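Below, each chain spelled out in residue letters.
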Amino acid sequence: SAVISQKPSRDICQRGTSLTIQCQVDSQVTMMFWYRQQPGQSLTLIATANQGSEATYESGFVIDKFPISRPNLTFSTLTVSNMSPEDSSIYLCSVVRAGIQETQYFGPGTRLLVL
Amino acid sequence: EDKVVQSPLSLVVHEGDTVTLNCSYEVTNFRSLLWYKQEKKAPTFLFMLTSSGIEKKSGRLSSILDKKELFSILNITATQTGDSAIYLCAVPAEGAGSYQLTFGKGTKLSVIP
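To keep things clear, this report deals only with the structure shown in the data block.

Conventions used here
Residues numbered from 1 in each chain as written. Chains lettered and ligands numbered in written order. Predicted model: local features only at pLDDT ≥ 70, side-chain atom pairs only at ≥ 80, totals over all residues. Heavy atoms only, no water. Helix = DSSP H or I, 4+ residues; strand = E, 2+ residues; numbered from the N terminus. Rg over C-alpha atoms; globule rule 2.2 N^0.38 Å. Contact = heavy atoms within 4.5 Å. Areas by Shrake-Rupley, 256 points an atom, 1.4 Å probe, with all protein chains shown as cover. Buried < 20%, exposed > 50% of the residue type's maximum accessible area, 1.4 Å probe, protein only. Disulfide = S-S within 2.5 Å. Pairing = 2+ DSSP bridges. Axes fitted to C-alpha atoms, helices over the stretch in contact; angles between N-to-C directions.

**Examining the overall build of chain B**
Secondary structure summary: chain B contains zero helices and eleven strands in total. Along chain B, helices (α) and strands (β) appear in the sequence β-β-β-β-β-β-β-β-β-β-β when read from the amino end. Expected size for 113 residues packed as a compact globule is a radius of gyration near 13 Å; at 14 Å, chain B falls within 12% of this value. C-alpha atoms of chain B, sized along the principal axes, occupy 45 × 30 × 20 Å. A fraction of 54% describes how many contacts in chain B between residues 6 or more apart in sequence connect residues 24 or more apart. Of the accessible surface of chain B, which amounts to about 5,500 Å², a share of 51% is contributed by carbon and sulfur atoms.

The structure is reproduced here in C-alpha coordinates:
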(Lines give C-alpha, C1' and ligand atoms only; values in the text may rest on other atoms or scores of the structure.)
Protein backbone atom coordinates (compact mmCIF):
# COMPACT_ATOMS: atom_id res chain seq x y z
CA SER A 1 0.00 0.00 0.00
CA ALA A 2 1.04 3.61 -0.47
CA VAL A 3 2.37 5.62 2.45
CA ILE A 4 0.25 8.75 2.71
CA SER A 5 0.72 11.65 5.07
CA GLN A 6 -1.58 14.55 5.78
CA LYS A 7 -0.89 17.84 7.50
CA PRO A 8 -2.20 19.09 9.83
CA SER A 9 -3.62 16.08 11.64
CA ARG A 10 -6.08 18.33 13.45
CA ASP A 11 -6.89 21.99 13.83
CA ILE A 12 -9.32 24.32 15.53
CA CYS A 13 -10.21 27.37 13.47
CA GLN A 14 -12.34 30.46 13.76
CA ARG A 15 -15.27 30.94 11.41
CA GLY A 16 -14.50 33.03 8.36
CA THR A 17 -10.91 31.84 8.12
CA SER A 18 -9.41 29.34 5.68
CA LEU A 19 -7.32 26.22 6.21
CA THR A 20 -5.13 24.39 3.70
CA ILE A 21 -4.64 20.66 4.15
CA GLN A 22 -1.70 18.92 2.51
CA CYS A 23 -1.53 15.35 1.27
CA GLN A 24 1.80 13.74 0.38
CA VAL A 25 2.28 10.26 -1.08
CA ASP A 26 5.52 8.29 -1.10
CA SER A 27 5.21 7.24 -4.73
CA GLN A 28 3.55 8.34 -7.91
CA VAL A 29 -0.13 7.58 -7.99
CA THR A 30 -2.72 7.56 -10.71
CA MET A 31 -5.56 9.25 -8.92
CA MET A 32 -5.95 11.40 -5.82
CA PHE A 33 -9.25 12.19 -4.16
CA TRP A 34 -10.51 14.32 -1.31
CA TYR A 35 -13.31 13.10 0.96
CA ARG A 36 -15.20 14.64 3.84
CA GLN A 37 -16.70 12.80 6.78
CA GLN A 38 -19.04 14.87 8.88
CA PRO A 39 -19.72 13.79 12.47
CA GLY A 40 -21.65 10.53 12.56
CA GLN A 41 -21.72 10.26 8.77
CA SER A 42 -19.95 8.18 6.18
CA LEU A 43 -17.42 9.44 3.69
CA THR A 44 -18.52 11.77 0.92
CA LEU A 45 -16.36 12.50 -2.09
CA ILE A 46 -15.56 16.20 -2.53
CA ALA A 47 -13.49 16.09 -5.69
CA THR A 48 -10.90 14.34 -7.81
CA ALA A 49 -7.56 16.15 -7.77
CA ASN A 50 -6.23 16.29 -11.33
CA GLN A 51 -2.56 16.81 -11.92
CA GLY A 52 -1.88 20.04 -13.74
CA SER A 53 -5.53 20.97 -14.24
CA GLU A 54 -8.63 21.97 -12.32
CA ALA A 55 -10.13 19.45 -9.95
CA THR A 56 -13.37 17.66 -10.78
CA TYR A 57 -15.97 18.44 -8.14
CA GLU A 58 -18.92 16.33 -7.05
CA SER A 59 -22.41 17.69 -6.80
CA GLY A 60 -22.74 20.05 -3.87
CA PHE A 61 -19.08 21.06 -3.78
CA VAL A 62 -17.61 24.08 -5.57
CA ILE A 63 -14.14 25.35 -6.30
CA ASP A 64 -14.61 28.65 -4.50
CA LYS A 65 -15.30 26.84 -1.25
CA PHE A 66 -12.85 23.94 -1.68
CA PRO A 67 -10.00 24.97 -3.97
CA ILE A 68 -7.71 22.04 -4.74
CA SER A 69 -4.24 21.92 -6.20
CA ARG A 70 -2.20 18.99 -7.51
CA PRO A 71 1.07 20.28 -8.88
CA ASN A 72 2.59 16.81 -9.32
CA LEU A 73 1.81 13.10 -9.02
CA THR A 74 2.61 12.84 -5.32
CA PHE A 75 1.18 15.98 -3.71
CA SER A 76 -2.16 17.72 -3.38
CA THR A 77 -3.75 20.39 -1.21
CA LEU A 78 -7.34 21.06 -0.23
CA THR A 79 -8.34 24.45 1.13
CA VAL A 80 -11.50 24.89 3.16
CA SER A 81 -12.40 28.54 2.60
CA ASN A 82 -14.44 30.97 4.65
CA MET A 83 -15.14 28.29 7.20
CA SER A 84 -18.32 27.90 9.23
CA PRO A 85 -19.12 25.41 12.01
CA GLU A 86 -20.81 23.20 9.38
CA ASP A 87 -17.35 22.57 7.90
CA SER A 88 -16.28 20.73 11.05
CA SER A 89 -15.40 17.30 9.70
CA ILE A 90 -12.64 14.86 9.05
CA TYR A 91 -11.02 15.52 5.69
CA LEU A 92 -9.29 12.59 4.02
CA CYS A 93 -7.21 12.24 0.91
CA SER A 94 -7.07 8.93 -0.88
CA VAL A 95 -5.01 7.55 -3.74
CA VAL A 96 -5.23 4.90 -6.41
CA ARG A 97 -1.89 3.49 -7.49
CA ALA A 98 -1.04 2.64 -11.05
CA GLY A 99 -1.69 -1.02 -11.75
CA ILE A 100 -3.79 -1.53 -8.62
CA GLN A 101 -7.09 -0.47 -9.96
CA GLU A 102 -9.91 0.61 -7.73
CA THR A 103 -8.27 -0.15 -4.41
CA GLN A 104 -8.05 3.20 -2.68
CA TYR A 105 -5.74 3.89 0.23
CA PHE A 106 -6.56 6.67 2.62
CA GLY A 107 -4.38 9.17 4.38
CA PRO A 108 -4.54 9.53 8.17
CA GLY A 109 -7.08 12.35 7.92
CA THR A 110 -7.35 15.89 9.22
CA ARG A 111 -9.87 16.54 11.99
CA LEU A 112 -11.17 20.10 11.68
CA LEU A 113 -13.24 21.92 14.27
CA VAL A 114 -14.62 25.34 13.36
CA LEU A 115 -15.80 27.53 16.22
CA GLU B 1 -27.50 6.65 -8.73
CA ASP B 2 -25.32 4.13 -6.95
CA LYS B 3 -26.50 3.02 -3.55
CA VAL B 4 -24.79 1.10 -0.76
CA VAL B 5 -26.71 -0.01 2.34
CA GLN B 6 -25.09 -1.58 5.35
CA SER B 7 -26.66 -3.41 8.25
CA PRO B 8 -26.78 -3.40 11.12
CA LEU B 9 -25.78 0.21 11.78
CA SER B 10 -24.36 -0.77 15.13
CA LEU B 11 -23.57 -3.97 16.95
CA VAL B 12 -22.34 -4.79 20.45
CA VAL B 13 -20.82 -8.23 21.09
CA HIS B 14 -18.64 -9.94 23.65
CA GLU B 15 -15.09 -11.01 23.02
CA GLY B 16 -15.00 -14.38 21.32
CA ASP B 17 -18.30 -13.93 19.49
CA THR B 18 -18.57 -14.25 15.73
CA VAL B 19 -20.18 -11.40 13.82
CA THR B 20 -21.53 -10.99 10.32
CA LEU B 21 -21.81 -7.56 8.74
CA ASN B 22 -23.95 -7.01 5.69
CA CYS B 23 -23.63 -4.79 2.65
CA SER B 24 -26.13 -4.59 -0.19
CA TYR B 25 -25.61 -2.49 -3.27
CA GLU B 26 -27.32 -1.17 -6.33
CA VAL B 27 -24.91 -0.13 -9.03
CA THR B 28 -24.90 -0.14 -12.78
CA ASN B 29 -21.95 -1.93 -14.34
CA PHE B 30 -20.64 -3.47 -11.14
CA ARG B 31 -16.86 -3.86 -11.04
CA SER B 32 -15.89 -4.39 -7.42
CA LEU B 33 -16.85 -3.98 -3.78
CA LEU B 34 -14.45 -2.88 -1.08
CA TRP B 35 -14.43 -3.26 2.69
CA TYR B 36 -12.61 -0.86 5.02
CA LYS B 37 -12.06 -0.68 8.76
CA GLN B 38 -12.16 2.79 10.33
CA GLU B 39 -10.86 3.04 13.87
CA LYS B 40 -10.02 6.70 14.36
CA LYS B 41 -9.85 8.78 11.22
CA ALA B 42 -8.41 6.86 8.32
CA PRO B 43 -10.19 3.88 6.74
CA THR B 44 -7.86 0.92 6.41
CA PHE B 45 -8.33 -1.28 3.36
CA LEU B 46 -9.46 -4.85 4.13
CA PHE B 47 -10.73 -6.56 0.99
CA MET B 48 -11.66 -5.98 -2.61
CA LEU B 49 -14.18 -8.42 -4.07
CA THR B 50 -14.89 -8.84 -7.74
CA SER B 51 -16.12 -12.42 -8.19
CA SER B 52 -19.11 -14.17 -6.70
CA GLY B 53 -18.63 -17.04 -4.31
CA ILE B 54 -14.89 -16.65 -3.79
CA GLU B 55 -14.08 -16.04 -0.17
CA LYS B 56 -11.31 -13.65 0.70
CA LYS B 57 -9.67 -14.29 4.03
CA SER B 58 -7.25 -12.46 6.26
CA GLY B 59 -6.74 -13.94 9.69
CA ARG B 60 -10.05 -13.90 11.53
CA LEU B 61 -11.71 -11.76 8.87
CA SER B 62 -13.31 -13.10 5.75
CA SER B 63 -15.62 -11.75 3.10
CA ILE B 64 -17.66 -13.04 0.23
CA LEU B 65 -19.66 -11.53 -2.59
CA ASP B 66 -22.96 -12.58 -4.13
CA LYS B 67 -23.37 -10.75 -7.43
CA LYS B 68 -26.71 -12.36 -8.14
CA GLU B 69 -28.30 -11.15 -4.93
CA LEU B 70 -26.20 -7.93 -4.89
CA PHE B 71 -24.70 -8.21 -1.45
CA SER B 72 -21.56 -8.97 0.45
CA ILE B 73 -20.87 -10.10 3.99
CA LEU B 74 -17.90 -9.53 6.23
CA ASN B 75 -17.34 -12.15 8.92
CA ILE B 76 -15.18 -11.73 11.99
CA THR B 77 -14.61 -14.81 14.13
CA ALA B 78 -13.36 -14.91 17.72
CA THR B 79 -13.78 -11.14 18.03
CA GLN B 80 -11.33 -9.11 20.11
CA THR B 81 -11.63 -5.64 21.61
CA GLY B 82 -9.25 -4.45 18.91
CA ASP B 83 -11.90 -5.26 16.33
CA SER B 84 -14.01 -2.40 17.68
CA ALA B 85 -14.34 0.01 14.77
CA ILE B 86 -16.64 1.22 12.04
CA TYR B 87 -16.67 -1.14 9.07
CA LEU B 88 -17.35 0.54 5.75
CA CYS B 89 -18.45 -0.98 2.49
CA ALA B 90 -17.93 0.89 -0.79
CA VAL B 91 -18.36 0.48 -4.54
CA PRO B 92 -16.64 2.40 -7.33
CA ALA B 93 -18.86 4.80 -9.22
CA GLU B 94 -20.43 3.86 -12.50
CA GLY B 95 -18.33 4.26 -15.60
CA ALA B 96 -15.21 2.61 -16.95
CA GLY B 97 -12.10 4.00 -15.33
CA SER B 98 -14.13 5.71 -12.64
CA TYR B 99 -12.60 5.25 -9.22
CA GLN B 100 -14.74 7.47 -7.05
CA LEU B 101 -16.14 5.42 -4.20
CA THR B 102 -19.70 5.46 -2.90
CA PHE B 103 -19.70 4.46 0.76
CA GLY B 104 -22.37 2.93 2.93
CA LYS B 105 -23.07 4.50 6.31
CA GLY B 106 -21.01 1.84 8.03
CA THR B 107 -21.53 -0.64 10.84
CA LYS B 108 -20.20 0.41 14.21
CA LEU B 109 -18.92 -2.69 15.98
CA SER B 110 -18.21 -2.60 19.69
CA VAL B 111 -16.51 -5.63 21.25
CA ILE B 112 -16.69 -5.68 25.03
CA PRO B 113 -14.46 -7.84 27.24
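**Comments concerning the overall build of chain A**
Helices and strands together make up the secondary structure of chain A, namely zero helices and eleven strands. Secondary structure elements of chain A occur, N-terminal to C-terminal, as β-β-β-β-β-β-β-β-β-β-β. Here chain A has a C-alpha radius of gyration of 13 Å; the compact-globule value for 115 residues is 13 Å, and the two agree. Counting only C-alpha atoms and orienting by the principal axes, one finds that chain A spans roughly 40 × 25 × 20 Å. When each of the 115 residues of chain A is scored for burial, the buried share is 51%. In chain A, of all internal contacts separated by at least 6 residues, the share reaching a separation of at least 24 is 55%. For chain A, the computed accessible surface area is about 5,300 Å², with 48% contributed by carbon and sulfur atoms.

**Side note on the state of the cysteines**
Tallying each qualifying case throughout the model produces two disulfides over all chains. Shown here is the disulfide that connects A:Cys23 with A:Cys93, its sulfur atoms set 2.0 Å apart. Sign of the S-S torsion, about 70° for the bond between A:Cys23 and A:Cys93, identifies this disulfide as right-handed. Here A:Cys93 lies in strand E9 (residues 89-96) and A:Cys23 lies in strand E3 (residues 19-25), a separation of 70 residues in the sequence. The side chain of B:Cys23 participates in a disulfide bridge whose partner is B:Cys89; the two sulfur atoms lie 1.9 Å from each other. The sign of the -65° torsion about the S-S bond sets the B:Cys23-B:Cys89 disulfide as left-handed.

**Focus: the sheet that holds strand E6 (residues 56-58) of chain B**
All names here are of chain B. Read from one edge of the open sheet, five strands run E1-E3-E8-E7-E6, paired in antiparallel fashion. With partners counted over all chains shown, the strands left at the sheet margins are strand E1 (3-7) and E6, one partner each. Pairwise comparison of adjacent strand axes, ignoring direction, gives a mean angle of 15° for this sheet. Taken together, the six bridges between strand E7 (residues 61-66) and strand E8 (residues 71-76) define a ladder with antiparallel strand orientation. In the strand pairing of E8, Leu-65 is matched with Ser-72.

**A closer look at the sheet that holds strand E1 (residues 4-7) of chain A**
All names here are of chain A. Here four strands make up an open sheet; going across it, the order is E1-E3-E8-E7 and the pairing antiparallel. Both outer strands of the open sheet, E1 and strand E7 (68-72), are each paired with one neighbouring strand and no more. In this sheet, neighbouring strand axes are inclined to one another by 15° on average, regardless of whether the strands run parallel or antiparallel. Bridge count between E1 and E3: four bridges; the pairing is antiparallel.

**Some thoughts on unusual backbone geometry**
Note on backbone geometry: most residues besides glycine have negative phi, and most peptide bonds are trans. Note that the residue after A:Lys7, namely A:Pro8, is joined by a cis bond; omega there is -5°. Note the cis peptide between B:Ser7 and B:Pro8, where omega equals -10°. A positive phi angle, close to 45°, is found at A:Asn82, a residue other than glycine. Note that A:Asn82 resides in the loop between strand E8 (75-80) and E9. Look at B:Ala78: it is not a glycine, yet its phi comes out positive at around 45°. On the secondary structure map, B:Ala78 appears in the loop between E8 and strand E9 (85-92).

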